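Remarks on the overall topology
The lines below spell out each chain.
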Amino acid sequence: MASPPNIARPARSWSPPAPVEAPTRNPFKRYWRAVTDDEASWGRRLLVAVGVPFGIAVGGLVLGAVAFAVYAWSLLPETPDAYALARATQSQPTVVVDVRGERITQFEPEFREWVPLDSIPTHLVDALIATEDRDFYGHGGVDYQRTVGAIWNTLRGDRQGGSTITQQLARNLFPDEIGNAGTIERKTKEALAARAIERDHTKREILEAYLNTVPFLYNAHGVELAARTYFASHAPDLTVPQSAMLVAMLKGPNQFNPVRHPEAAAARRNLVLRLMAEQGVLAPAEAEAYQAEGLDIDLQPQPSTYSAAPHFTAAVRRELEDWALARGYDVDRDGLVVRTTLDLTMQREAEAAVAERAARLQRTADAQWGRGVPRAALAAAAPPPPAPPPPGDGGMSEAEALAEVRADAALWDSVAQSVRRVEAGLVAIQPETGAVRAYVGSRDFRVDEYDHAGVALRQPGSTFKAFVFAGALQRGYGPEDEIDGGAAQGELDDGTTWTPAGGSSEGTLADALAYSKNAATARLTQEIGPHRVALVAQRMGVESDLDVVPSIGLGTSPVTLLEMVSAYATIANDGLRREPKLITRVETASGTVLDTFGGAGRQALTRRDARNLLDMLRGVVDRGTGRPLREMGVTGDLAGKTGTTQEYADGWFIAMRPGLAVGAWVGFNDQRVTFRSKATGEGSRTALPVVGDFLLRVQDRLPDVAFPPPPGQYAALDFDPDGDSLLVSEADVADLTAEDYEWAYGEDPYDPVEVDVPNVERPLEDRPDLRQPPPATRRIGWDGDGRRTDDARRTDDARSEPRRAPTPRTPPPPPAPRGGQSGEPVVIPRDAPPPEPTVRNRNNRGGMTAEEMIEEARRRDGDG
């Protein structure tokens, strides 16, 4: 066996193993190590250095594109499409007519004069394309290269638009859907709409639509109205410089307005001419010659849409827009025919009456105020001083600018005239239907567009007292009842006590209303409760929020004139409430009826209460504060009420005659400006003449009839001391909740509390009936089986019976169907089941008494 070789091996030295670096999870460190790895080749390091950022960028762009696509897709339902463009450019106006079919106005888009593209000068189209969209014929609605450039320049501080002509068209046609805000949403909608327009319309159609809809200030939309407004010319006759001026305004109509900023406008126009030369559509020599010409502006502002009754049509449009929105119609473009309740003959007479009487009152106000008005009102109406210049600009300081404005006597005189301008409103309503026959919102719509008839909220003063006396009649008072002389007091929310100033509460209710006694009204308000006054007012037609305070009966809660006239129309209509009606029906252009307006009314007052209240309001005109109406020569059966607020800030008068209720308000826009004396500021001196003038103009066309007479002597009305006519029908029982009852009466209907009985003295003598014998009154009740009975009873036999005084009582809960003996009230809690039928003796056919029935039964039993 061979021995192993003898090999000499070198000695090995021991060393610890090299540490292994843990892999990092930070991607940026990993990327940096890969780029700086000396052992890797240069090619690999370069690939990593460039490829990773490129991949991240591409991935980000893809994700961003997907996210933007999803966002744009979500905006599609809100974006106008090509069909909407067709409707916008091929629309028909909505025509508004009066009760006889006479045209009042029409609702239409702002652009009204459409000019075919063939009639528009070629140089105007060339100027537009050269300035606004050089690649108009090359893109599909959106110029992506220009858009990216605009974004880049905007990020650098030089803001640019980048919108094509098609995008601008979409924005002009649909300002509400797209808007003008500089947001991503707006630009996205604009681009989507432009793509839809380009997909379904030719370039010529787009140019024609754009040039006929673009705005140019002064109510001018489209090149035809722009030519008339700035050059007193027409679109086909526009010269090259004129066309360049109109195109120059497109970048900013206010900034480059040739009337207010002629230098900036001329510079911009010259830029347009130079761009036309650069694009080759105009020779350089011609461009220079045109640049040397002046602007030659001949301003002819275009009037806004004409309306024979502007405030009325504004109210009609508000109602019509709500109707159209719910049914998918376009008020401006769908060619509807809106038939209204307005009588243009009455409307013209109403406007003439307001204009004439307000002019007289204006002379009175000017004489009282002279050249001055309250300082606070003047300061509120004055224009603000110019903004101070930036520091170091060398201009005036803020204090110097304010001093200069204050030193301008002509400016302050103009402001003072505006502040002390007398304003007025008038509304006339047909009570039987609620149809609004006349509606005047101000003296002159061109001077003051604010609607003082249906929008302005003003304190109604004593015209609100009608609701107090209506509530008193419901609670059992009579017109000839006398109130004691006690003073009314009420505790306010701040703990203080309110007491009406001046006057006595003594006298009858009829006299208190005729002579507008504040103390008596306040006492009645305290007796029946402010909440009940508010509820009665709302049932009769007042829809504004009311301040339920002790002074509510004196008219301290603001309301509109339309509401008050509507409430008085309820009185004139035997207590039947009809909502004010502006529109009767809406039709298509071919006559197809789309919808009708109006419906059944609601009995807000019983006929007894309404006719008694109307008779009391007759006394206002015959012998009270409304007597000047008769002195003016107004004829017919008249009733009404005057109203005046503190310091004579507001004057009111509302009159009623058969077939018409008409009211007027007179005052100033700023309530700090008032008439300065009782002789000139009371409602009988301000608003009453307006109503009287109107009635004098139209009374010959009104029916010569009288209102139904009052029920006659109050003692003959089967007075029930526990009765209450707040609820006038069984339907009201279901409509009135316990909360409503508690709000009106101030108590829980199921836990009534003792209240003070009205302290009145009722006359024992007959109330004289000056008109005709009262008709038979009807007493409605329920018999023992719960069935309704109408027991007609003559009032003649009851005339000799003295009026019985009421006994102290607890107010009843909400009435329920009556049971027990016919006509006798029975207190039944609300929500209680119907009464069980009582057992009736079917043998009692002869009207025998109970004793006779018992005797007859005994006799029959004995015979059997």
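Everything numeric in this text was worked out from a predicted model, so none of it was measured. (Residues numbered from 1 in each chain as written. Predicted model: local features only at pLDDT ≥ 70, side-chain atom pairs only at ≥ 80, totals over all residues. Heavy atoms only, no water.)

**Let's talk about the sheet that holds strand 16 (residues 660-668)**
Let me state the cut-off plainly: A pair of strands is treated as paired once DSSP finds two or more bridges between them. Secondary structure elements are taken from DSSP: a helix is a run of H or I of four residues or more, a strand is a run of E of two residues or more, and numbering for both begins at the N terminus. Under this scheme, a helix contributes an axis fitted over its contacting stretch, all axes are lines through C-alpha atoms, and angles between N-to-C directions fall in the 0 to 180 degree range.
If you walk across this open sheet you meet the 5 strands as 5-4-16-15-14, and the pairing is antiparallel. Where the open sheet ends on each side, the last strands, each with one partner, are strand 5 (435-440) and strand 14 (639-644). Neighbouring strand axes in the sheet, compared pairwise and without regard to direction, differ in orientation by 10° on average. Sheet topology note: the strand 15 (residues 650-657)/strand 16 ladder contains 8 bridges and is antiparallel.

**With respect to the packing of helix 4 (residues 122-132) against helix 11 (residues 262-278)**
Which entries qualify depends on this criterion: Any angle between 65 and 115 degrees counts as roughly perpendicular, while under 35 counts as roughly parallel, over 145 as roughly antiparallel, and the rest as oblique. It only takes one pair of heavy atoms within 4.5 Å for two residues to be counted as in contact. Side-chain classes are defined by residue name, with Ala, Val, Leu, Ile, Met, Phe, Trp, Tyr, Cys and Pro counting as nonpolar, Asp, Glu, Lys and Arg as charged, and the others, Gly among them, as polar.
As a packed pair, helix 4 and helix 11 sit with axes 9 Å apart at the nearest point and diverge in direction by 95°. Here helix 4 lies roughly perpendicular to helix 11, going by the angle between them. Contacts from H123, A127, A130, T131 and E132 of helix 4 reach helix 11 at R268, V272, L275 and M276. A per-class count over the contact of helix 4 with helix 11 returns 5 nonpolar, 2 polar and 2 charged.

**Side note on the nonpolar core**
Threshold: Throughout this description, the term nonpolar core refers to a set of buried Ala, Val, Leu, Ile, Met, Phe, Trp, Tyr and Cys residues connected via side-chain atoms within 4.5 Å. Residue burial is assigned from relative accessible area. The probe radius is 1.4 Å, only protein chains are included, and a residue is buried under 20% of its type maximum, exposed over 50%, and partly exposed in between.
Grouped together as the largest cluster of nonpolar side chains are 75 residues, with contacts concentrated most on F467 and M656. Looking at this core, the element that brings in the most residues is helix 22 (residues 561-572), giving 9 residues. Ignoring anything within four residues of it in the chain, the contact list for F467 reads V533, V536, A537, M540, V542, M564 and A567. Within the second largest apolar cluster, 49 residues are counted, among which are I120, I165, V240 and L246.

**Overview of the pairing of strand 12 (residues 593-596)**
Pairing of strand 11 (residues 583-587) with strand 12, which is carried by 3 bridges, proceeds in the antiparallel orientation. Opposite R585, over in strand 12, you have T596 as the bridge partner. Counting the residues between successive antiparallel strands, the hairpin from strand 11 to strand 12 contains 5 residues, one of them, G591, with a positive phi of roughly 100°.

**Examining the pairing of strand 1 (residues 94-97)**
On strand 1, burial covers both faces: T94 and V96 on one face and V95 and V97 on the other are all buried. Bridging between strand 1 and strand 2 (residues 103-107) involves 4 bridges; their strand directions are antiparallel. Its bridge partner lying in strand 2, V95 is registered against Q106. Relative to strand 3 (residues 337-340), strand 1 runs parallel, the two being bridged by 3 bridges. Bridge pairing links V95 to V337 in strand 3.

**Some details on the pattern of salt bridges**
The following threshold applies: One side-chain nitrogen of Lys or Arg within 4 Å of one carboxyl oxygen of Asp or Glu is enough to make a salt bridge.
Taken as a whole and judged by the stated rule, the model has 33 salt bridges. Note that D332 and R317 form a salt bridge whose closest N and O atoms lie 3.1 Å from each other. With D332 in the loop between helix 13 (310-327) and strand 3 and R317 in helix 13, this pair connects stretches of sequence that are 15 residues apart. The exposure class assigned to R317 is partly exposed, which follows from its relative accessible area of 23%. Note that R577 and E543 form a salt bridge whose closest N and O atoms lie 3.6 Å from each other. Of this pair, R577 sits in strand 10 (residues 576-577) while E543 sits in the loop between helix 21 (530-540) and helix 22; the two residues are 34 residues apart in sequence, bridging distant segments of the chain. On the basis of relative accessible area, R577 is assigned to the buried category, the value being 9%. E543 gets classed as exposed once you look at its relative accessible area, which sits at 56%. It is possible to trace a salt-bridge network through shared partners that takes in E349, E356, R357, R360, D693 and R697.

**Considerations on the packing of helix 11 against helix 12 (residues 284-291)**
Relative orientation of the contacting elements helix 11 and helix 12 amounts to 170°, with a least axis distance of 9 Å. One finds that helix 11 runs roughly antiparallel with respect to helix 12. On helix 12, the residues that touch R269, N270, L273, R274 and A277 of helix 11 are P284, A287, Y290 and Q291. Tallied by class, the residues present in the contact of helix 11 with helix 12 amount to 5 nonpolar, 2 polar and 2 charged.

**With respect to a nonpolar patch on the surface**
The test is simple: Patch membership requires more than 30% relative accessible area and the absence of a salt bridge. Residues of like charge join within 9 Å; the nonpolar side chains Val, Leu, Ile, Met, Phe, Trp and Tyr join within 5 Å. Using a 1.4 Å probe, the Shrake-Rupley method yields the accessible areas, and only the shown protein chains count as cover for residues.
Together, F54, V58, V62 and V66 line one region of the surface with nonpolar side chains, adding up to about 360 Å² of accessible area. Of note, V62 is situated in helix 2 (residues 42-75). Judged by relative accessible area, V62 falls into the partly exposed class, the value being 45%.

**Topic: the environment of A466**
Summarising the element assignment, A466 is placed in helix 18 (residues 465-474). A C-alpha to C-alpha distance of 9.5 Å links A466 and V533, two positions 67 residues apart in sequence. Leaving out residues up to four positions away in the same chain, A466 has contacts with Y568, I571 and L613.

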